[in-house]
Amino acid sequence: MLNHVLLRHMIRSLVWLVGPAALLMGLIFGWDHAFGLVVGAGIIGLSVGGLVFIVGRLLDPTEASVRKTGLTLLLVLKMTTVAALLWLSMSRWGVSGFGILFGIGVGLVAIQMGLVQGADSVEGKRAIEETEARIREEFGDSDDESR
């Protein structure tokens, strides 16, 4: 549940910050660099979004061990795919490295903003409380002992 809340806020934040940043980049440095910014932000958004999803599932105690093994392999595949996309973008497709660099930076700022907003939202706090309650129940911990 928390993964979905965080991902939704992260994507919303990316859209709201990358659009104006790309417009500004295009007006100041040119539209090829603006395209690079969008590509860089998209790559880092996919990377961190995949990380949030996969790690959230890995930390879920209800997931089977076999499934966690598959998720670990998926994590390695994700990292390899991100590296391949960066390499292909700059060396084969001619996307501006300057734009990609700025896109990764803007994307990381947007992702951080989205994750903080998601965790601080009403639905995020509710998801955190549900997760804490499930963990307390699983370990037989009472509220008095854990605080």
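For the structure itself, look to the data block above.
Described below are features of the structure shown in this document. What you see is a predicted model; the values in this text were computed from it and never measured. (Residues numbered from 1 in each chain as written. Predicted model: local features only at pLDDT ≥ 70, side-chain atom pairs only at ≥ 80, totals over all residues. Heavy atoms only, no water.)

### Some words on helix 3 (residues 65–92)
Here's step 1: For helix 3, built from 28 residues, the straight-helix expectation of 40 Å at 1.5 Å per residue is met to within 8% by its first-to-last C-alpha distance of 39 Å.
Here's step 2: Regarding helix 3, the residues found buried are Leu-71, Leu-75, Lys-78, Val-82 and Ser-89.
Here's step 3: Taken from the residues just after helix 3, Gly-94 is the one with a positive phi, measuring 70 degrees. (Helix = DSSP H or I, 4+ residues; strand = E, 2+ residues; numbered from the N terminus. Expected span 1.5 Å × (residues − 1). Buried < 20%, exposed > 50% of the residue type's maximum accessible area, 1.4 Å probe, protein only.)

### Section: the layout of surface pockets
To locate leftover empty space, one rolls a probe as large as a water molecule over the atoms.
Here's step 1: There is about 470 Å³ of room inside the largest pocket.
Here's step 2: What lines the largest pocket is a set of 20 residues, among which Asn-3, Gly-56, Asp-60, Thr-131 and Arg-134 lie closest to the centre.
Here's step 3: Sorting the residues of the lining of the largest pocket by element identifies helix 1 (2–29), helix 2 (31–58) and helix 5 (122–139) as the ones contributing at least two each.
Here's step 4: In terms of residue count, helix 5 provides more of the lining of the largest pocket than any other element does, seven residues in total.
Here's step 5: In this model, the second largest pocket occupies a volume close to 170 Å³.
Here's step 6: Lining of the second largest pocket is provided by Leu-7, Met-10, Ile-11, Gly-45, Leu-46, Ser-47, Gly-49, Gly-50, Lys-78, Thr-81, Val-82 and Leu-85.
Here's step 7: Sorting the residues of the lining of the second largest pocket by element identifies helix 1, helix 2 and helix 3 as the ones contributing at least two each.
Here's step 8: Sorting elements by how many residues they give to the lining of the second largest pocket places helix 2 first, with five residues. (1 Å grid on protein atoms, 1.4 Å probe; cavity = no way out; pocket = protein on both sides within 12 Å on 5 of 7 lines; lining within 4 Å. Points joined across faces, edges and corners; volume = space filled by probe spheres on them.)

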